[in-house]
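Chain by chain, the residues:
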Amino acid sequence: MNQTIHNPRSDSQHSDNHQEDFILDGLASAEDAFNNNEFSLEADAVEVQLDHEPVQESLILNTEDPEQPEVSAQIDLAGMDKPVHIVSIHNGAEQAQAVPFQHAHTLLESLEAQDVPVHYQCREGYCGSCRTQLLEGEVHYTEEPMAWINDDEILPCCCIPKTAIRIKLP
Amino acid sequence: MSYTTFNQKTFDTLKQPMFFGETVNVARYDIQKHKIFENLIEKQLSFFWRPEEVDLANDRKDFIDLPEHEKHIFLSNLKYQTLLDSVQGRSPNVAFLPIVSLPELETWIETWSFSETIHSRSYTHIMRNVVPNPAEVFDDITRNDFITRRAVSVTKYYDELITKNSYYTQLGEGTHTINGKIVDINLRDLKRTLYLTMVSVNVLEAIRFYVSFACSFAFAERAKMEGNAKIIKLIARDEALHLTGTQHILQIMAAGKDDPEMGEIAASCKDEVREIFLDAAEQEKEWAGYLFKDGSMIGLNQTILAQYVEYITDQRIAAIGLPTIFDTKNNPLPWINSWLNSDNVQVAPQEAEISSYLVGAIDSAVDTEDFGDFDL
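Note that the structure is a prediction, hence the values are computed from the model and not measured. (Residues numbered from 1 in each chain as written. Chains lettered and ligands numbered in written order. Predicted model: local features only at pLDDT ≥ 70, side-chain atom pairs only at ≥ 80, totals over all residues.)

## Some details on the overall build of chain A
Right, so step 1: Within chain A one finds three helices and nine strands.
Right, so step 2: Going from N to C terminus, chain A has its helices and strands arranged as β-α-α-β-β-β-α-β-β-β-β-β.
Right, so step 3: Residue burial in chain A is summarised as follows: out of 170 residues, 24% are buried.
Right, so step 4: Taking the intrachain contacts of chain A between residues at least 6 apart in sequence as the baseline, contacts between residues at least 24 apart amount to 56%. (Helix = DSSP H or I, 4+ residues; strand = E, 2+ residues; numbered from the N terminus. Buried ≥ 20, exposed ≤ 12 C-beta atoms within 10 Å, placed from the backbone. Contact = placed C-beta atoms within 7 Å.)

## Concerning the overall build of chain B
Right, so step 1: The helix and strand inventory of chain B stands at 12 helices and two strands.
Right, so step 2: Secondary structure elements of chain B, listed N to C terminal, follow the sequence α-α-α-α-α-α-β-β-α-α-α-α-α-α.
Right, so step 3: For 376 residues, the compact-globule formula gives about 21 Å, and the C-alpha radius of gyration of chain B, at 23 Å, lands near that figure.
Right, so step 4: In terms of principal-axis extent, the alpha carbons of chain B reach across some 80 × 60 × 40 Å.
Right, so step 5: Every one of the 376 residues in chain B was classed for burial, and the buried ones make up 44%.
Right, so step 6: Within chain B, contacts between residues separated by at least 24 positions form 74% of all contacts whose residues are at least 6 apart in sequence. (Rg over C-alpha atoms; globule rule 2.2 N^0.38 Å.)

## Observations concerning the sheet that holds strand E7 (residues 153-154) of chain A
Adjacent strands of a sheet pair through backbone hydrogen bonds, lying either parallel or antiparallel.
Residue and element names in this part refer to chain A.
Right, so step 1: Pairing in this open sheet of five strands is mixed, and the strands run E4-E3-E9-E5-E7 from one edge to the other. Each edge of the open sheet carries a strand with a single partner, namely strand E4 (97-101) and E7.
Right, so step 2: Here strand E5 (residues 132-136) pairs with E7 via two bridges, running antiparallel. Within E7, the position partnered with Thr 132 by the bridge is Ile 154. (Pairing = 2+ DSSP bridges.)

## Describing the confidence of the model for chain A
Right, so step 1: Averaged over all residues, the pLDDT of chain A is 71; the fraction at 70 or higher stands at 49%.
Right, so step 2: The model gives residues 1-17 of chain A a pLDDT under 50, and that stretch makes 17 contacts with residues more than four places away or in other chains. (pLDDT = per-residue confidence, 0-100.)

## Section: the environment of B:Glu275
Right, so step 1: Relative to the assigned elements, B:Glu275 resides in helix H10 (residues 270-291).
Right, so step 2: For the pair B:Glu275 and B:Asn337, spaced 62 residues apart in sequence, the C-alpha separation works out to 27 Å.

## Remarks on the confidence of the model for chain B
All names here are of chain B.
Right, so step 1: Averaged over all residues, the pLDDT of chain B is 91; the fraction at 70 or higher stands at 94%.
Right, so step 2: Of all secondary-structure elements in chain B, the lowest mean pLDDT belongs to helix H12 (residues 336-340), at 90, while helix H9 (residues 260-268) reaches the highest, 97.
Right, so step 3: A low-confidence stretch, residues 349-355 stays under pLDDT 50, and its non-local contacts, those more than four residues away or across chains, total eight contacts.
Right, so step 4: Reported for the predicted complex are a pTM of 0.79 and an ipTM of 0.81.

Okay, here's the thing in structure tokens:
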């Protein structure tokens, strides 16, 4: 017996439009991501309107797993734009290296993902291993740092840039 | 000034310096001069673990198969760790509690020392599981010249502070003749000794311990003695917090806001502090020579360990605001980071994901938004 697997979203004009509204981080161009401030973690519930009563043979499948919604690597903070800032790294006399900050929970994760080696241990702000000098710019702490930091220092493991920043790695 | 277990005087706790003010009376935490110590206590309590939770059955097999020179490296390293935690399990209590003046700092010192006793108990757990006769190993700690020599350098500042403070408590400031010996006791000198003791504690926790961690993890990097490495990971997590505690104490002292005299002392001691760091680095390098005397192991040898000593010394001295000594740039043991990070260590199944697992922690904040997708 052939059972047709019927996906209401794929052939419904209504839900197609909806899918375009929902831009996954990383897939959207940076410009789109900026313009589209109405970013939501989960798609709104879609009312599927069928012309006729559902037939017994069609199996309606969810397009997403409610147990595991798409996780966004980009964090949303109320009142703040999604951070895509330039992080310039200055190491001694070497030429400054510029890496963008985006799609990461912390500055440390963003640097690691772009192959910038940073010393770390606890990754939650209490050991101070990642202590880094902030030359210019501002950061926002997502967690209160417990390790001792001087006025010109930051802990990349628990902060994200608020502006473009210049840092000096030890 | 004699010590009393409950100071009857009424005074403003917030006006007391960290040390050598009024002795603490009410253990209250509703008002705090330095909130950081309360945060450290909370964090340390959330870290609570027991060595018995880590299974060491495979380590016994691994140990039997190790070549002789690697057994020497493993056991000597463990002996050294046992010595360090024996000192740390009691010394902060004995040396600092009689002179502390803030309730939150007093409790931090107690919490800190207590966690060191867990470390000491875990060394016994490791020995029992790994070697046929643990007594032989423990007994050697007081007999082995290489170990006892190191015991002197880790304890001399503590001992000096304890001795001087006992004279100060009994006799007060002045020149005293004690058992025919003339001893000059003054508070400024005592504070100086306290500052240097704190520096040597920071060196113990932030340099000496980390060198020993590197050896423990070097075995695990080759998939040997992995249970031991799991325990050391938990110890490293605690030590990271302790060294943050001593760094805070040192920085608060140096800033002088808490006790202006302490600020002057810190400024005048810079050369000696540098000397303490340098001496410790030299001693650790010498120790590396002893560890690898019969041969090195895959992934770690005397030269690399010595480079790591220099690297970690620079990191730690920079953290307390002094110029680096060796001018190192890169970590010669980059793999150590992932071993030092404790988030992937599994203690109990429910703790697998988050290391500071809080018992009974629930999110009780309910917002109207939480009902947003509810349809009736």
